[in-house]
Amino acid sequence: MRMPLSAMIGLFFTALYFLAAIFADFIAPYGMAEIVGGVWDPISREHWLGTDNIGRDLLTRMIYGGQTTIFVATMATLLSFSLGSVLGFTAAVIGGWVDQALSRFVDLLMSIPSLIFALVVLSVMPVTVLVLVLVMGILDSTRVFRLSRAVAVDITVMDYVEAARLRGEGNVWIIFREILPNALSPLVAEMGLRFIFAILFISTLSFLGLGVQPPLADWGGIVRENREGIVYGIPAALVPAFAIATLAISVNLVADWVLTRTTSLKGGRGG
Amino acid sequence: MSPILKLVVQRLALGVLLLLAASVLIFVGTEILPGDVASAILGQGATEQALANLRIELGLNDPPVTRYFNWLFGVLQGDLGVSLSNRRDIAEAMSVRLSNTLFLAFWAAIIAVPLAILLGLVAVRYEGRWPDKVVSGATLATISIPEFLLGYIAMYFLAVQYRIFPSVANINASMSLGDKLNAIALPVLVLVLVVLGHMMRMTRAAILNVMQSAYVETAELKGLRSFTIIWRHAFPNAIAPVVNVVMINLAYLVVGVVVVEVVFVYPGMGQYLVDHVAKRDIPVVQACGLVFAAVYIGLNLVADIVSILANPRLRHPK
């Protein structure tokens, strides 16, 4: 099957942002917190995107900001996936009161909007990158839990799981050797969506001033730093916001493509 | 007791239980975390005396269970406590802000709900053709774009470049309704855009689902006119999913409000919560968290109850 144009565009921009994040130290024209010009200098040959609210190069801030944003979002997504899928599979395999307890607790966590709960927790926790990753990862693992439990419930009734049980395999074997390989494709497709959610979540927290703390750059924080400029007609705050949107849309396009591909391999929808 | 009534009562009881559990979670989230709450509030440089005073004031020397029940009974009597940062009564400060937020959310909902249902219907009518594709493209865009980007784009073009609306949405009690609406035009616009995508897509899915069901096909094969099919067969079955969609998105609106209020410096609940999280003013954060959770749970509850009431299958018990 040929790759559709939308997926190619999505993959190109996703790769671009990731590479820029990984090689930030080599491609950034100036230092992250280096003051190199006036306040909100316009676009020029020295400063491709102009300068920010205290005279730092905006392109440099954007590259380093992308690094932080993508790093935090990736870590939070990995955490939410490992936690959510292992607990979801466990609930489906063991069943009984373990399943009830885990499922009801997840229902409870989901009854409070994640942003609100994150704000409540961050009001007492020290706001560090580690704490942000933990809070976001744990809150988001509820959704992964629901999906992986639902997928695993269908798999546990399969004959090969029954065969493994009769062979005398333990629950750990069944979870990692029987269920995980068969549940992987819906989970991978979901991963893209969770990553977007994490990007938007960390950006929102930083925008509210409760995420990544200055002088460390991150996209939501750059919006916050430059927002006063909007009133004077200086669009510096729109640049990082635009980067967030294009990254999110690109990952979405790729995730869509992965989803149709994996389902068509099994003879499902899409072609 | 009729089965419908029984289901509704069950669902209400579950909602109350969930709210109670949510209050425990909010309390646990702010009080029993690793580290000392008092030193988290006052920071590194606090003296022993100041820490001791704050602990007494917050009642931190009592066991957590006692503190939780003191807090809960206070809340049930309308006493949300006193703000740490400015010593004002929280319930009093909050009532103005809550009504401001509800005012904003009300106007956003009034515009977004009919528009989304209408556009969802258009997408169903022209399924697979260009109006449908525009709807799904717009949905992808609004899901991926952060609220603050929409907010600042709207502010940059409509308030700064063309000066149609004010850039800061400041309202107070002495303004007339027209002035207030003019002030909140931009935040309402952004909120509508934020929820429109989800709502359109979900409405479309809900109605398509009904239109493809066996009973609609049967009605077509019976030779009924399309108006009768929609009115008698499709509509009653589509109410529940559509109301569900609306309620879920209104609940989403409640969260979107937080960011939009900060963008437009609107004196509502969201701004109040964010300000006090930064100040580590825990009583205010707990109270706001509880109010947001209550609204969110309440809207989901309404969605469930409406789908129970609107389900034609439950009206004729076996």
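S.K.: Would you explain the interface of chain A and chain B in this entry?
M.R.: Interfaces are often sized by the accessible area lost when the parts come together. With 42 residues of chain A at the contact, the number on the chain B side is 42 residues. Summing both sides of the interface, chain A and chain B together bury roughly 3600 Å²; the carbon and sulfur share of this comes to 82%. Connecting chain A to chain B are zero salt bridges. Scanning the region where chain A abuts chain B turns up zero residue pairs in polar contact (both at pLDDT 80 or more). For the side of chain A that touches chain B, the secondary-structure elements that each account for two or more residues are helix H4 (96–110), helix H5 (114–122), helix H8 (171–207), helix H9 (219–231) and helix H10 (238–265) of chain A. Tallying contributions element by element places H10(A) first for the side of chain A that touches chain B, with nine residues.

S.K.: Explanation requested: the packing of helix H11 (residues 226–263) of chain B against helix H12 (residues 269–278) of chain B in the structure shown.
M.R.: Packed helix pairs are specified by the crossing angle of their axes together with the interaxial distance, meaning the distance between the axes. All names here are of chain B. Relative orientation of the contacting elements H11 and H12 amounts to 80°, with a least axis distance of 7 Å. With respect to their mutual orientation, H11 and H12 come out roughly perpendicular. Residue-level inspection shows Val258, Glu261 and Val262 of H11 in contact with H12, the latter providing Met269, Gly270, Gln271 and Val274.

S.K.: I tried to follow the side chain of B:Gln271 on my own but got confused; where do I start?
M.R.: All names here are of chain B. Mapping glutamine 271 onto the fold places it in helix H12. Exposure remark for glutamine 271: the relative accessible area of 13% places this residue in the buried category. Excluding residues that lie within four positions of it along the chain, glutamine 271 makes contacts with Arg97, Glu261, Val262, Val265 and Tyr266.

S.K.: What is the right way to look at unusual backbone geometry in this model?
M.R.: Working note: non-glycine residues mostly have negative phi, and peptide bonds are mostly trans. All names here are of chain B. Unlike most non-glycine residues, valine 265 shows phi in positive territory, near 45°. Within the secondary structure, valine 265 is located in the loop between H11 and H12. Overall, valine 265 belongs to the partly exposed group, its relative accessible area being 44%.

S.K.: Any chance you could explain H5(A) here in plain terms?
M.R.: Because each turn of an α-helix spans 3.6 residues, side chains separated by three or four positions end up pointing in the same direction. Counting buried residues along H5(A), nine of its nine residues qualify, which places the element largely inside the surrounding structure. Listing the buried residues of H5(A) in full gives A:Ser114, A:Leu115, A:Ile116, A:Phe117, A:Ala118, A:Leu119, A:Val120, A:Val121 and A:Leu122.

S.K.: Whenever I open this one, the nonpolar core confuses me. Can you help?
M.R.: General note: in soluble globular proteins, nonpolar side chains tend to be found buried as a group. If you look at the biggest cluster of nonpolar residues, it comprises 142 residues, and the most contacted ones within it are A:Leu119, A:Phe207, B:Met94, B:Phe148 and B:Tyr152. Looking at which element gives the most residues to this core, the answer is H11(B), with 16 residues. The contacts of B:Tyr152, once residues within four sequence positions are left out, are A:Phe207, A:Val223, A:Arg227, A:Ile230, A:Leu238 and B:Val263. Formed by 15 residues, the second largest nonpolar core is a distinct cluster that contains A:Ala92, A:Ile155, A:Ala164 and A:Ile179.

S.K.: How should the confidence of the model for chain A be read in this particular structure?
M.R.: Low pLDDT means the predicted coordinates in that region are not meant to be read closely. Looking at chain A as a whole, the pLDDT averages 83, with 96% of positions reaching at least 70. Note that residues 266–271 of chain A has pLDDT below 50 and, in this model, 10 contacts with residues that lie over four places away or in other chains.

S.K.: Help me understand the packing of aromatic side chains in this model?
M.R.: Each aromatic ring pair is specified by the distance between its two centres and by the angle formed by the two planes. One pass over the full model with this rule turns up 14 aromatic pairs over all chains. Plain terms: the ring middles of A:Tyr17 and A:Trp219 are 5.5 Å apart, the flat faces sit at 70° to each other, and that makes the pair edge-to-face. Of the two residues, A:Tyr17 sits in helix H1 (residues 5–22) while A:Trp219 sits in helix H9, which places them 202 residues apart along the sequence. Ring centres of B:Phe103 and B:Trp107 lie 6.5 Å apart, and the angle between their planes is 75°; on these two criteria the pair is classed as edge-to-face. Highlighted residues: B:Phe103 and B:Trp107, both in helix H5 (residues 90–125), separated by four residues, approximately one helical turn. In this structure B:Trp107 comes out as partly exposed when scored by relative accessible area, which is 24%. Through successive ring pairs, a cluster of aromatic residues spans B:Phe27, B:Tyr68, B:Phe69, B:Trp71 and B:Phe73.

S.K.: Before we go on, may I ask you to explain the environment of B:Ile230 in this structure?
M.R.: All names here are of chain B. Structurally, isoleucine 230 is set in helix H11. Isoleucine 230 gets classed as partly exposed once you look at its relative accessible area, which sits at 46%. Once residues lying within four places of it in the same chain are set aside, the contact partners of isoleucine 230 are Phe235 and Pro236.

S.K.: I tried to follow the pattern of salt bridges on my own but got confused; where do I start?
M.R.: Once the charged atoms of two side chains with opposite charge are near each other, the side chains can pair. All names here are of chain A. Inspection of the entire model under this criterion finds nine salt bridges over all chains. Note that arginine 61 and glutamate 225 form a salt bridge whose closest N and O atoms lie 3.2 Å from each other. Remark: glutamate 225 occurs in helix H9 and arginine 61 occurs in helix H3 (residues 58–94); sequence separation between them is 164 residues. Overall, glutamate 225 belongs to the buried group, its relative accessible area being 17%. We note a salt bridge from aspartate 140 to arginine 194, for which the minimum N-O separation is 3.1 Å. Residue aspartate 140 is located in helix H6 (residues 129–156), and its partner arginine 194 is located in helix H8; the two are separated by 54 residues in the primary sequence. A residue is classified by how much of its surface remains accessible, and arginine 194, at 9% relative accessible area, is buried. Residues joined by salt bridges that share partners form a network here, namely Arg104, Asp107 and Arg146.

What counts and how
For every chain, the first residue of the written sequence is number 1, and numbering continues from 1 onward in sequence order. Working convention: letters from A go to chains and numbers from 1 go to ligands, in the order in which they are written. Under the rules for a predicted model, residues below a pLDDT of 70 receive no local features and side-chain atom pairs below 80 are neither given nor counted, while totals for whole chains, interfaces and linings still include all residues. No hydrogens and no water enter the side-chain calculation; it runs on all heavy atoms of the structure. When checking whether two residues touch, look at their non-hydrogen atoms; a contact exists if any pair is within 4.5 Å. As a working definition, buried area equals the accessible area (1.4 Å probe) given up by two parts on being put together, with both sides summed. One side-chain nitrogen of Lys or Arg within 4 Å of one carboxyl oxygen of Asp or Glu is enough to make a salt bridge. In protein, a polar contact requires one atom able to donate a hydrogen and another able to accept it; more generally it is a pair of N or O atoms within 3.5 Å, and residues adjacent in sequence count only if both atoms are side-chain atoms. Secondary structure follows DSSP: runs of H or I at least 4 residues long count as helices, runs of E at least 2 residues long count as strands, and numbering of each begins at the N terminus. Fitted lines through C-alpha atoms give the axes, limited to the stretch in contact for helices. The angle between two N-to-C directions lies from 0 to 180 degrees. Any angle between 65 and 115 degrees counts as roughly perpendicular, while under 35 counts as roughly parallel, over 145 as roughly antiparallel, and the rest as oblique. Burial classes follow relative accessibility: with a 1.4 Å probe on protein chains only, a residue under 20% of its type's maximum area counts as buried, one over 50% as exposed, and anything between as partly exposed. Buried Ala, Val, Leu, Ile, Met, Phe, Trp, Tyr and Cys residues form a nonpolar core when they are joined through side-chain atoms within 4.5 Å. Looking at any residue, its pLDDT shows the predictor's confidence there, from 0 to 100. Pairing of aromatic rings covers Phe, Tyr and Trp, the last through its six-membered ring, and needs centres within 6.5 Å; plane angles under 30 degrees mean stacked, over 60 mean edge-to-face, and all others mean tilted.

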